[in-house]
Protein chains: 2
Amino acid sequence: MRGIDVFAIFNFYQSNNSSIAIKMKSQPITIKDIARILGISPSTVSRALKDHPDISPKTKQLVQTFAEKVNYRPNALALSLRSSKTNTIGIVIPEIVHHFFSTVISGIEDVAYGRGYNAIICQTNENYQREVIDLQALVDNRVDGILISMSKNTHEFAHFENLKENGVPVVFFDRICEQISSDRVIADDFEGARIATRHLIDKGCKKIMHLAAPQHLLIGKNRKEGYCSALKEHKLSCDDRLIVKCDTRETVFARADDIIRLAPEVDGIFAVNDSTAIAAMQVLQRNGYSIPKDIAVVGFGDGPNANIAYPPLTTVEQKGYDIGQAAMRLLIGHIENNVEEEEYETKIFTPELVERASSQLGTEY
Amino acid sequence: MRGIDVFAIFNFYQSNNSSIAIKMKSQPITIKDIARILGISPSTVSRALKDHPDISPKTKQLVQTFAEKVNYRPNALALSLRSSKTNTIGIVIPEIVHHFFSTVISGIEDVAYGRGYNAIICQTNENYQREVIDLQALVDNRVDGILISMSKNTHEFAHFENLKENGVPVVFFDRICEQISSDRVIADDFEGARIATRHLIDKGCKKIMHLAAPQHLLIGKNRKEGYCSALKEHKLSCDDRLIVKCDTRETVFARADDIIRLAPEVDGIFAVNDSTAIAAMQVLQRNGYSIPKDIAVVGFGDGPNANIAYPPLTTVEQKGYDIGQAAMRLLIGHIENNVEEEEYETKIFTPELVERASSQLGTEY
DNA sequence: AACGACACCGCAAACGGTTGCGACGAATTA
DNA sequence: TAATTCGTCGCAACCGTTTGCGGTGTCGTT
């Protein structure tokens, strides 16, 4: 008896709904809608949908097939509000248009997707104020955790402290905040530079120039020190005269004279990044030097430029994708083991040498 | 009388809260907490916080300063649930690690930030299934609108139709779906190719080779047709013999022989993208040709490679940032004017010529 | 016939916030 | 003095979902 009624309404709803769908934006169907149409209570619908033992097989069947027909989907907002779990994490980075950072994001995304998390991405454009506001917005939206790479212009850390007080799990990556104890995932610039420089020495270089970034930046300092360390390992002196301060294409051209003046006495160059290395090769080539026959060159991986260079550039690759994955895994660990371990972890990724033509000293390309 | 009581509790709460903050993750404070502590109702607190005229100045003052002290922040989830407005939009793209796409995202982000929107980013990795799931997740999270660039492997469009039925505003950009009527923001590949080819002709080229992408891809087809169109404009014939099918660095090297065989009779090359153009230059240079003295080269902008090339590559820039901004603005228009206009707009961005050394036919670099 | 056991389902509160409406006291007006 | 107005505030419902608990009806058991 009652079954007939229900199915009448059922069919009515179906045809009615589909005709509506053509004309207007129909609000998504809710559990209450289903309950009203089927003449049962929302709680029964809820339980039926998740196979609760209290519900009879018939009711379950009815509710489940109906929900299927009308394409019911639970409202994630309501679920989040009730459970205080959004399955969403926040990412705060200086800029997206940067090969390294977008690679990291890609790694984060892939792990997140596999574990059922969504990612809200905020780009600070190296702006401190925006970093503060972005973090606040993420907290307001009750993200389950946050991954941060700090802006260059951030010198106060109250907004980071604030996260800890709010109980939001945080993992810093790449541009970590030394003043805040937390999980960290970083690339080992020192070791990367040492590997690059060692490689030049292995290739037979006796006197190696370094194109360096400003020493107040961590990467500038660490990469230079890695360079010096490799030299000393091999009883070579670390001569300040061989260190030219330039870290962009433009600054290379601006200091081209200095490079050319030093060129006759060196047989290798380690540049703080790839675009600097490539620009240096071009300056040298224009002045009659042959790479890698006369001078071998190694860069430091900031993208896919190395392959395009002429000759293809030997470089050390920063494993952005791995860093992203590791950071996300660490974060998930903190989110899902609500264990209050004050034990913070630091994961270090050592860059990997990718050997190409530019470092084959003495050979023609 | 009562004032004294309240402030006593006030102070108690303050000291109590701060001591808690040190030890444990304190749950964020809610309107109900404030109401309980201040001995008034949640509705009064809510109204006081937004200067409702029904509330007395004294109460407003009390509530507002207290909220300030305890750093009250409204729960965005609760607001969204009630208002059905999340101030969040979804972005679905094939891959993040791609200069063009990350540039688009940057444009989207900046507009979104200015208008108070957050962005959830999903990367499909050119996977149809993932595209479906990502869209569903965005709808479940009740985003206010969605920006999509389609995956290459998407050949069914039910999930797009589904969005329209759910009443979610959608704007397609770059990889649009021709089968779905909607707002669109695209780059004009045809016109870009025409501009590039025209430029070569202006520089004195009489016979221009084209390195083309597969013709079943829209960009391959449009760019080739733009190339032909420019030739015909200038009474030059569009000779299929001068069209070499290669669109990556690897395919250029694979078909190097074909290119070298044609080289003696051509004085210009238009390549379907920058990396192809750069690889072609390298092949030619290795075979004794001088660029741009013997042969002028123009690429098609897919990144910052052009600057790094030797010689610097003339190219047409796809305005990713502008496309992102425009797409977001269109979307916001649809979200905020809930006017039901079935008028869909298509914005077309014409690439812009960026002239560098590689196209200065006859000159030495 | 009265009892407990069990299957099945609904009520109501909760998550955090908003808002229409009614209540109450005080001040103003007739 | 009685009626009206106004300034303040709280009740309760609502957004969509979950869940503890209590209620109902149908059995079988003694």
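Residues numbered from 1 in each chain as written. Chains lettered and ligands numbered in written order. Predicted model: local features only at pLDDT ≥ 70, side-chain atom pairs only at ≥ 80, totals over all residues. Heavy atoms only, no water.

Engineer: I would appreciate a short explanation of the interface of chain A and chain B in the present structure.
Structural biologist: Bring the parts together and some accessible area is lost; that lost area is often taken as the interface size. Between chain A and chain B, the residue contacts involve 52 residues of the former and 52 residues of the latter. A combined buried area of about 5400 Å² lies between chain A and chain B, and 53% of that area is made up of carbon and sulfur atoms. At the junction of chain A and chain B, the tally comes to six salt bridges. A salt bridge links B:Glu109 to A:Arg130, with the shortest nitrogen-to-oxygen separation between them at 3.5 Å. Where chain A touches chain B, the interface holds 20 residue pairs in polar contact (both at pLDDT 80 or more). Looking at the side of chain A that touches chain B, the elements with two or more residues in it are helix H5 (76-83), helix H6 (99-114), strand S2 (118-123), helix H7 (128-140), helix H13 (274-286) and helix H14 (305-308) of chain A. (Contact = heavy atoms within 4.5 Å. Buried area = accessible area lost by both parts, 1.4 Å probe. Salt bridge = Lys/Arg side-chain N within 4 Å of Asp/Glu carboxyl O. Polar contact = N/O pair within 3.5 Å; in protein donor to acceptor, adjacent residues only side chain to side chain. Helix = DSSP H or I, 4+ residues; strand = E, 2+ residues; numbered from the N terminus.)

Engineer: How should I be thinking about the state of the cysteines in this particular structure?
Structural biologist: Each disulfide consists of a covalent bond between the sulfur atoms of two cysteine residues. All told, the structure shown has two disulfides over all chains when counted by the stated rule. Covalent S-S linkage joins A:Cys228 and A:Cys238, the inter-sulfur distance amounting to 2.2 Å. Here the residue A:Cys228 occupies a position in helix H10 (residues 218-233), and A:Cys238 occupies one in the loop between H10 and strand S7 (243-245), the gap between them amounting to 10 residues. Classification of A:Cys228 as buried rests on a relative accessible area of 10%. With no disulfide of its own, A:Cys122 has B:Cys122 as its nearest cysteine by sulfur position, at a separation of 14 Å. (Disulfide = S-S within 2.5 Å. Buried < 20%, exposed > 50% of the residue type's maximum accessible area, 1.4 Å probe, protein only.)

Engineer: How should I be thinking about the pairing of strand S5 (residues 183-187) of chain A in this particular structure?
Structural biologist: Here is the key point about a regular strand: its side chains alternate between the two faces of the sheet. Residue and element names in this part refer to chain A. The element S5 is extensively covered by neighbouring structure, given that five of its five residues are classed as buried. Residues of S5 alternate between two faces, with Asp-183, Val-185 and Ala-187 on one and Arg-184 and Ile-186 on the opposite face, all of them buried. When strand S4 (residues 170-173) meets S5, the two strands line up parallel, connected through three bridges. When the bridges of S5 are listed, Phe-173 appears paired with Val-185. The sheet contact formed by S5 and strand S11 (residues 346-349) spans four bridges and is parallel. Its bridge partner being in S11, Ile-186 is matched across the sheet by Ile-348. (Pairing = 2+ DSSP bridges.)

Engineer: How should the protein's contact with DNA strand C be read in this particular structure?
Structural biologist: Near DNA strand C lie 26 residues; those nearest to it are A:Thr44, A:Arg47, A:Thr59, B:Ile31 and B:Arg82. Each atom of DNA strand C within 4 Å of the protein was assigned to sugar, phosphate or base; sugar and phosphate come to 57%. Within the contact set of DNA strand C, a base nitrogen lies 2.8 Å away from a side-chain nitrogen or oxygen of A:Asp54. Between a base oxygen of DNA strand C and a side-chain N or O atom of B:Arg47, the distance comes to 2.8 Å. (Near = heavy atom within 4 Å.)

Engineer: What should I look at first to understand empty space enclosed by the protein in this one?
Structural biologist: The method is simple in principle: a probe with the dimensions of a water molecule rolls over the atoms, and the space it marks as empty is what remains. Taken as a whole and assessed by the stated rule, the structure comprises two cavities of 30 Å³ or more. What lines the largest cavity is a set of 15 residues, and nearest its centre among them are A:Leu77, A:Thr88, A:Asn141, B:Leu77 and B:Asn141. Elements represented by at least two residues in the lining of the largest cavity include exactly H5 of chain A together with helix H5 (76-83) of chain B. Considering every element that reaches the lining of the largest cavity, the biggest residue donor is H5(B), with three residues. Class assignment of the residues belonging to the lining of the largest cavity gives a composition of seven nonpolar, eight polar and no charged. Counted as a void, the second largest cavity has a volume near 40 Å³. (1 Å grid on protein atoms, 1.4 Å probe; cavity = no way out; pocket = protein on both sides within 12 Å on 5 of 7 lines; lining within 4 Å. Points joined across faces, edges and corners; volume = space filled by probe spheres on them. Nonpolar A, V, L, I, M, F, W, Y, C, P; charged D, E, K, R; others polar.)

Engineer: Would you mind showing me how to read helix H8 (residues 158-165) of chain B here?
Structural biologist: Since the α-helix advances by 3.6 residues per turn, residues separated by three or four positions end up pointing in the same direction. Residues and elements named next belong to chain B. For H8, every residue scored as buried is listed here: His-159, Phe-160 and Leu-163. For H8, the buried positions fall inside an angular range of 105 degrees around the axis, keeping them on one side. Buried residues along H8 sit in contact with helix H7 (128-140), strand S3 (145-148) and strand S4 (170-173). Directly beyond the C-terminal end of H8, a positive phi value near 75 degrees is found at Gly-167. (Arc of directions from axis to C-beta.)

Engineer: Help me understand the nonpolar core in this model?
Structural biologist: Most often, soluble globular proteins have nonpolar side chains that are buried together. A:Ile89 and B:Ile89 are the most contacted members of the largest nonpolar core, which totals 56 residues. Apart from residues lying up to four places away in sequence, A:Ile89 is in contact with A:Ile108, A:Tyr117, A:Asn118, A:Ala119, A:Ile120, A:Val143, A:Gly145, A:Leu147, A:Met328, A:Leu331 and A:Ile335. Of all hydrophobic cores here, the second largest spans 45 residues; its members include B:Tyr227, B:Ile291, B:Phe300 and B:Ala306. (Core = buried A, V, L, I, M, F, W, Y, C linked by side-chain atoms within 4.5 Å.)

Engineer: Can you help me understand the protein's contact with DNA strand D in this one?
Structural biologist: By nearness alone, 26 residues border DNA strand D, and A:Ile31, A:Tyr72, A:Arg82, B:Thr44 and B:Arg47 come closest of all. Those atoms of DNA strand D that come within 4 Å of the protein belong to sugar or phosphate at a rate of 58%. A distance of 2.7 Å separates a phosphate oxygen of DNA strand D from a polar atom in the side chain of A:Ser46. Residue A:Arg82 places a side-chain N or O atom 2.5 Å away from a base oxygen belonging to DNA strand D. Breaking the surface near DNA strand D down by element, the ones donating at least two residues are helix H2 (31-38), helix H3 (42-49) and H5 of chain A together with helix H3 (42-49), helix H4 (57-69) and H5 of chain B. Partitioning the surface near DNA strand D into residue classes produces nine nonpolar, nine polar and eight charged.

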